[in-house]
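This is what each chain is made of:
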Amino acid sequence: MIYTTQGVGVTPGEMMPSPDIARMLDNSKELDRLRRVQEEVLLEINNMHDRIRSSPEVLQRYGDIFLTRLKMLYTQAKELSESEVNISTQLLGQLDAFMPPGAPWHQRRRIEPNEPKRKQLKADSDISTHSPSVQKHLDTLSSLTGEQVAARVTNGSEKEEWFVVKVLHFGRETREVEVLDEEPGDDEEGGSQRKYKLPISEIIPFPKRNDIPGVQDFRPGEKVLALYPDTTALYKATVVQPRKRKTDDYVLVFDDDEDEDGSLPQRVVPFHRVVGLPEGRGQ
């Protein structure tokens, strides 16, 4: 909405007091600065959250340092939010000072949209106010239609399993991903393809084969979720040999994958079929 001097009680040749305008502009710049800093802080917070989810062992390795940094970021985010409220309140007071005295509010309030339009505006607003990292994650999910991802499926019981499935559709409003299990396995009743609607928390995109710089590296000893060779199921595994080059495969040992002599055989798994072990999951 664009504000002009027309209709707010400023007569021709009359200008708003320049000191007041200068203070309002200063507050506007400060508000803009606070929001930019907030975005940077929230981005770092979300990156740290992602690290905890993908590699829970980071808390064991760098617990005190990691949590101290996270607490400092939370405190900074809280202080920035409080400062934003204070500056916004000042700006509202300065704007009210420019309004003509005694002017009824209904003459200068904006026209409310009809109900369907209001719902659409709210949905757009909900999406646009996400932090940059969350917005990026939603954009990533929207671009996955037709691609394979790792998905956690609970088949009507406490048993939960991770499979490679194909994304059919992502609903931004419902935050649900519709997926197709194209090869449910011989032990599945009927053996036919199955569709599921899953929350985004149950979906992990695989690394892109053609986006090498963006692929996460896993070090020897790290726990991961990996595709068991010649299947569409994913299981917990431990990295034995990392990638020497960006395009190399991983050498892993899978939990409970014992040979007759009790040893754990080493398996070669393509790097684009290995993801970080989800937090708190020990399948």
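Anyway, here's the lowdown on the structure attached to this text. (Residues numbered from 1 in each chain as written. Predicted model: local features only at pLDDT ≥ 70, side-chain atom pairs only at ≥ 80, totals over all residues. Heavy atoms only, no water.)

**Considering the overall build of the protein chain**
Along the backbone of the protein chain there are four helices and 10 strands. Reading the helices (α) and strands (β) of the protein chain from amino to carboxyl end gives α-α-α-α-β-β-β-β-β-β-β-β-β-β. Each of the 283 residues in the protein chain was classed as buried or not, and the buried ones make up 32%. Nonlocal contacts in the protein chain, meaning residues at least 24 apart in sequence, comprise 53% of its contacts between residues at least 6 apart. Per element, the accessible surface of the protein chain, about 18600 Å² overall, is 51% carbon and sulfur. (Helix = DSSP H or I, 4+ residues; strand = E, 2+ residues; numbered from the N terminus. Buried < 20%, exposed > 50% of the residue type's maximum accessible area, 1.4 Å probe, protein only. Contact = heavy atoms within 4.5 Å. Areas by Shrake-Rupley, 256 points an atom, 1.4 Å probe, with all protein chains shown as cover.)

**Some thoughts on the packing of aromatic side chains**
Evaluated as defined, the whole model comprises three aromatic pairs. Here the aromatic rings of Tyr228 and Tyr235 are separated by 6.3 Å at their centres, their planes lie at 85°, and the arrangement is edge-to-face. For Tyr235, a relative accessible area of 34% puts it in the partly exposed group. Summarising the aromatic geometry, the rings of Tyr228 and Phe254 are spaced 5.0 Å apart at their centres and angled 65° between planes, so their arrangement reads as edge-to-face. Of the two residues, Tyr228 sits in the loop between strand S6 (223-227) and strand S7 (233-241) while Phe254 sits in strand S8 (residues 250-254), which places them 26 residues apart along the sequence. Using a relative accessible area of 21% as the deciding quantity, one classes Tyr228 as partly exposed. Just above the ring of Phe206 sits the side chain of Arg273; from NZ or CZ to the centre is 4.5 Å. (Phe/Tyr/Trp six-rings, centres within 6.5 Å; stacked < 30°, edge-to-face > 60°. Lys NZ or Arg CZ within 6 Å of the ring centre and 35° of its normal.)

**Some details on unusual backbone geometry**
Phi is mostly negative for residues that are not glycine, and the peptide bonds are mostly trans. Positive phi outside glycine occurs at Asp230, with the angle close to 65°. The residue Asp230 is located in the loop between S6 and S7 in this model. The class of Asp230 is exposed, set by a relative accessible area of 83%.

**A short note on the pattern of salt bridges**
Scanning all chains against the criterion turns up 11 salt bridges. Close ionic contact of Lys78 with Glu82 constitutes a salt bridge, the shortest N to O distance being 2.7 Å. Here Lys78 pairs with Glu82, and both are found in helix H2 (residues 58-98), just four residues apart, close to one helical turn. A cluster of three or more residues bridged by salt bridges with shared partners is formed by Lys223, Lys236 and Asp255. (Salt bridge = Lys/Arg side-chain N within 4 Å of Asp/Glu carboxyl O.)

**Things to note about the environment of Ser88**
With respect to the helices, strands and loops of the structure, Ser88 is situated in helix H2. You can call Ser88 partly exposed: its relative accessible area is 22%. As for Ser88 and Leu31, which are separated by 57 residues in sequence, their C-alpha atoms are 7.3 Å apart. Ser88 has contacts with Leu31 and Arg35, leaving out every residue within four places of it along the chain.

**As for the side chain of Glu222**
Along the polypeptide, Glu222 turns up in the loop between strand S5 (203-205) and S6. Side-chain polar atoms of Glu222 contact the backbone nitrogen of Arg219, separated by 2.8 Å. Among residues more than four places away in sequence, those in contact with Glu222 are Ser55, Glu57, Asp217, Ala237, Thr238 and Val239. (Polar contact = N/O pair within 3.5 Å; in protein donor to acceptor, adjacent residues only side chain to side chain.)

**Notes on the environment of Leu92**
Take Leu92: it is sitting in helix H2. Judged by its relative accessible area of 54%, Leu92 falls in the exposed class. Linking Leu92 and Met24, residues 68 residues apart in sequence, is a C-alpha distance of 9.5 Å.

**Examining the pairing of strand S1 (residues 148-154)**
Across a regular strand the side chains alternate sides, sitting on one face of the sheet and then on the other. Most of S1 is tucked away, with five of its seven residues classed as buried. Alignment of S1 against S5, held across three bridges, turns out to be antiparallel. Opposite Ala151, over in S5, you have Ile203 as the bridge partner. (Pairing = 2+ DSSP bridges.)

**Some thoughts on a negative patch on the surface**
Together, Asp256, Glu258, Asp259, Glu260 and Asp261 line one region of the surface with negative charge. When you line up the elements, Asp256 lands in the loop between S8 and strand S9 (266-269). Classification of Asp256 as exposed rests on a relative accessible area of 77%. (Patch = residues over 30% accessible without salt bridge, like charges linked within 9 Å, V, L, I, M, F, W, Y side chains within 5 Å. Lys, Arg positive; Asp, Glu negative; His and termini not counted. Charge placed at Lys NZ, Arg CZ, Asp CG, Glu CD.)

**Topic: the environment of Gly276**
Structurally, the position occupied by Gly276 is in strand S10 (residues 274-276). Classification of Gly276 as buried rests on a relative accessible area of 11%. The sequence separation of Gly276 and Lys236 amounts to 40 residues, and the corresponding C-alpha distance is 9.6 Å. Apart from the residues lying within four places of it in its own chain, the contact partners of Gly276 are Ser54, Ile204, Phe218 and Leu225.

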